[in-house]
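Examining the three-dimensional arrangement
Listed below are the residues making up each chain.
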Amino acid sequence: PTKKAMTPAEVKEEILKRYPTKVARKRDKQFLVHEGPEAMQTKDIQANVRTIPGIITQRGCTYAGCKGVILGPTRDIVNITHGPIGCGFYSWLTRRNQTDASAPDAANYMTYCFSTDMTEHDIVFGGMNKLRQAVQEAYDLFKPRAIAIFSTCPVGLIGDDVHAVAREMKEKLNAIDPNHKVNIFAFSCEGYKGVSQSAGHHIANNQIFTHVVGEEMKRPEGKYLINMLGEYNIGGDAFEIERILDKCGITLNSSFSGNSTYEQFARAGVADLNCVMCHRSINYVADMMETKWGIPWIKVNFIGAKSTAKSLRKIAQYFGDKQLIDRVEEVIAEEMKNVDATLADVKPRTTGKTAMLFVGGSRAHHYQDLFKELGMRSIGAGYEFAHRDDYEGRRVIPDIKVDADSRNIEELHIEQDPANYNPRKTDEELKQLEAAGFEFKEYAGLIPDMDKDTLIIDDINSWETEKLIEIMKPDIFCAGIKEKYAVEKLGVPLKQLHNYDMGGPYAGFKGAVNYYLEIDRLVNSKIWSYLEAPWDKEPELSATYVG
Ligand code: CFN
Ligand code: HCA
């Protein structure tokens, strides 16, 4: 009980004091105590920097961010991992991104694990021949629309030129059958390339923009045509979002990249509006489309019933059409009935409970909305690999320095194409919208949305996780598979916010209901109080187990 009474500043001190001075100094910049909204306006958090060697981070690698995250959910591109088999195997469906198997055009290669299976021989003599063979084999077997090649660490170390192989094979295979065009492109996404998955997102965004986006500018039917960027259909989230959009009469032109197809990427440039769900992983594509075709983008969030309603209203307000605005209100009213009924049952049992969220680059923020709806408090949160803008928000701090890695328009030399540049609204209309209070890119970021006296920790590690739990005993901890069992052994339930354990969808209205029921089940289960560690029973063991 005395430990529970520690102030957040004392908790921080207690945790950092175990580190060598140099390490403590570094972690100090990534470990903030929330001092209230005003004070936090001038506080910087250090993010997107290298993890200190020796520390057990939650992070993944650049290859995972590129191949697993961005391109993984697209069903009709053959994704070949050029590397040792473990890399391909680990990124094979573990993320639970779902696909609509009943789609009529359903070429679906997601259930396959394509890899060149590099071994010592290839490391010594080079792996480019094996890669050529793999591309040829994939083509012979499937005749796909596109083949993507992903580099793992050894590829960069031995210098295999994946882009040369892609170019060569594209030329060769396109000469075979003039009626079947295949697009082949490669990614230099070696695992070690950045400090985390985030560099992989960037590499994926650049290449997909260079090689695919805008290849087929055919506008499908639909009055209100949007792209959904940064929604990956984990546990079926994208299905629920599309259900709601359909109901409102809003047409999904393309999705980056939950349940997506090559064709959707290729026609993305025809949409009226880009809606950005996970800003961290996809802001690059949104900015590039805005520069090239004048498609404005807005930040949306479909995690949480209120956020879903707010996002729908924002989309409707952008189009400004009374019919759409009214329809959206009807849909919200209808869907909220079930949401409210579930909350009325669950909320009395969840109110006042506490949560900690340490995940990825956007969910540690988005999921706080669902906890708020449940009357729960987020007492600690942080990202694995987000950048400062995800913490601090854009435009909230006027002079925010967005790190160099966050924008890449200059690097790609994207120019407005006067022939195709066709702002979906005139500059005048956009100005009027902004003058009327319409928020385009503005979003709050994690820190402005959190309360005073909470902890914000970037790139948390296993030692800090265990200490936090020991001192602050949250009712639930949200993280990933590497953390799950270590946390549960400490007697605290862990909800995976990456793959949702076996659950989901959690997006949209039906998703919110699923989440309320799941969290109620977890935080009110008695099982955790029966857990007793061996060293609690026999204190002398603590020297062996934890010392
Ligand atoms: S689905 Fe997304 S929502 S894309 Fe990103 S930052 Fe990862 S794979 Mo894990 S669950 Fe996570 Fe986010 Fe965007 Fe997922 S919070 S870590 S790279 N993420
Ligand atoms: C990744 C994918 C991951 C890992 C999840 C986890 C995912 O970053 O490589 O650690 O549980 O969502 O599947 O983030």
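See the structure above.
What counts as what
- Residues numbered from 1 in each chain as written.
- Chains lettered and ligands numbered in written order.
- Predicted model: local features only at pLDDT ≥ 70, side-chain atom pairs only at ≥ 80, totals over all residues.
- Heavy atoms only, no water.
- Helix = DSSP H or I, 4+ residues; strand = E, 2+ residues; numbered from the N terminus.
- Contact = heavy atoms within 4.5 Å.
- Polar contact = N/O pair within 3.5 Å; in protein donor to acceptor, adjacent residues only side chain to side chain.
- Buried < 20%, exposed > 50% of the residue type's maximum accessible area, 1.4 Å probe, protein only.
- Pairing = 2+ DSSP bridges.
- Axes fitted to C-alpha atoms, helices over the stretch in contact; angles between N-to-C directions.
- Phe/Tyr/Trp six-rings, centres within 6.5 Å; stacked < 30°, edge-to-face > 60°.
- Lys NZ or Arg CZ within 6 Å of the ring centre and 35° of its normal.
- Arc of directions from axis to C-beta.
- Near = heavy atom within 4 Å.
- Nonpolar A, V, L, I, M, F, W, Y, C, P; charged D, E, K, R; others polar.
- Areas by Shrake-Rupley, 256 points an atom, 1.4 Å probe, with all protein chains shown as cover.
- Parallel < 35°, antiparallel > 145°, perpendicular 65-115°, else oblique.
- Patch = residues over 30% accessible without salt bridge, like charges linked within 9 Å, V, L, I, M, F, W, Y side chains within 5 Å.
- Salt bridge = Lys/Arg side-chain N within 4 Å of Asp/Glu carboxyl O.

A separate point is the environment of S188. Position of S188 among the secondary structure elements: in the loop between β5 (183-187) and α10 (197-211). Considered as a pair, S188 and K22 are 166 residues apart in the sequence and their alpha carbons are 33 Å apart. The contacts of S188, once residues within four sequence positions are left out, are S151, V162, H163, K193 and I203. Separated by 2.7 Å, the side chains of S188 and H163 make a polar contact.

Bringing helix α21 (residues 462-472) into the picture now. Within α21 the residues assigned to the buried category are E464, T465, K467, L468, I469, I471 and M472. Among the residues of α21, the N-terminal cap falls to N461, whose side-chain oxygen and the backbone nitrogen of W463 are separated by 3.2 Å. The positive-phi residue at the C-terminal boundary of α21 is K473, with phi of around 40°.

To continue, consider the sheet that holds strand β8 (residues 273-276). The sheet built from 4 strands is open, its strands ordered β7-β6-β8-β9 with parallel pairing. Across the chains shown, the open sheet's two edge strands, defined by having one partner strand only, are β7 (250-257) and β9 (297-299). Pairwise comparison of adjacent strand axes, ignoring direction, gives a mean angle of 25° for this sheet. Sheet topology places strand β6 (residues 224-231) next to β7; 7 bridges connect them, and they run parallel. The residue of β7 that forms the bridge with L225 is T251.

Aromatic ring pairs are reported here in terms of the distance separating the ring centres and the angle at which the planes meet. Here the structure, examined in full by the defined rule, presents 21 aromatic pairs. Ring geometry for F438 versus F440: centroids 4.8 Å apart, planes at 70°, classification edge-to-face. Cluster of aromatic residues (ring-pair linked, three or more members): Y224, Y318, F319, F438 and F440. In this structure, R18 packs its charged tip against the face of W463, placed 4.8 Å from the ring centre.

Restricting attention to buried positions, one finds in helix α2 (residues 21-28) the residues V23, A24 and R27. In a view along the axis of α2, the buried residues occupy a sector of 100°, so they form one face of it. Exposed side of α2, more than 90 degrees from the buried face: T21, K22 and R25 are the residues found there.

The next subject is the site of ligand 1. Around ligand 1, the surrounding shell holds 14 residues, and the nearest of these are R95, H201, C278, S362 and H498. For the shell around ligand 1, the per-class residue count stands at 6 nonpolar, 6 polar and 2 charged.

The next thing to look at is the site of ligand 2. Inspection of the region around ligand 2 gives A64, Y90, R95, Q197, G480, I481, K482 and H498 as its neighbouring residues. Take I481: an N or O atom from its main chain is 2.8 Å from an oxygen atom of ligand 2. At 2.9 Å, a side-chain N or O of H498 approaches an oxygen atom of ligand 2. Burial of ligand 2 by the surrounding chains reaches 87%, relative to a free accessible area of 350 Å². The residue inventory of the shell around ligand 2, partitioned by class, reads 3 nonpolar, 3 polar and 2 charged.

Moving on, we get to the packing of helix α14 (residues 305-319) against helix α15 (residues 322-350). Where α14 meets α15, the axes come as close as 9 Å, and the angle between the chain directions of the two elements is 170°. Taken together, α14 and α15 sit at an angle that is classed as roughly antiparallel. Across from A305, A309, L312, R313, A316 and F319 in α14, the residues of α15 making contact are L324, I325, V328, E329, I332, M336 and V339. The class makeup of the residues in the contact of α14 with α15 is 11 nonpolar, no polar and 2 charged.

Taken together, the side chains of I85, F89, W92 and L93 present a nonpolar region at the surface, about 380 Å² in accessible area. Inspection of the secondary structure puts W92 in the loop between α5 (85-90) and β3 (114-115). Residue W92 is classed as partly exposed on the basis of its relative accessible area of 33%.

Following the criterion strictly, the structure yields 34 salt bridges and no others. A salt bridge links D326 to K322; the shortest N-O distance between them is 2.7 Å. Note that D326 and K322 are positioned in helix α15 at a spacing of 4 residues, about one turn of the helix. For D326, a relative accessible area of 34% gives the class partly exposed. Here E518 makes a salt bridge to K495, at a shortest N to O gap of 2.8 Å. Linking E518 in helix α23 (residues 508-523) with K495 in strand β14 (residues 494-496), this pair joins segments that are 23 residues apart in sequence. Accessibility expressed as a relative area gives 15% for E518, which makes it buried.

Distances and angles like these do not, on their own, reveal function.
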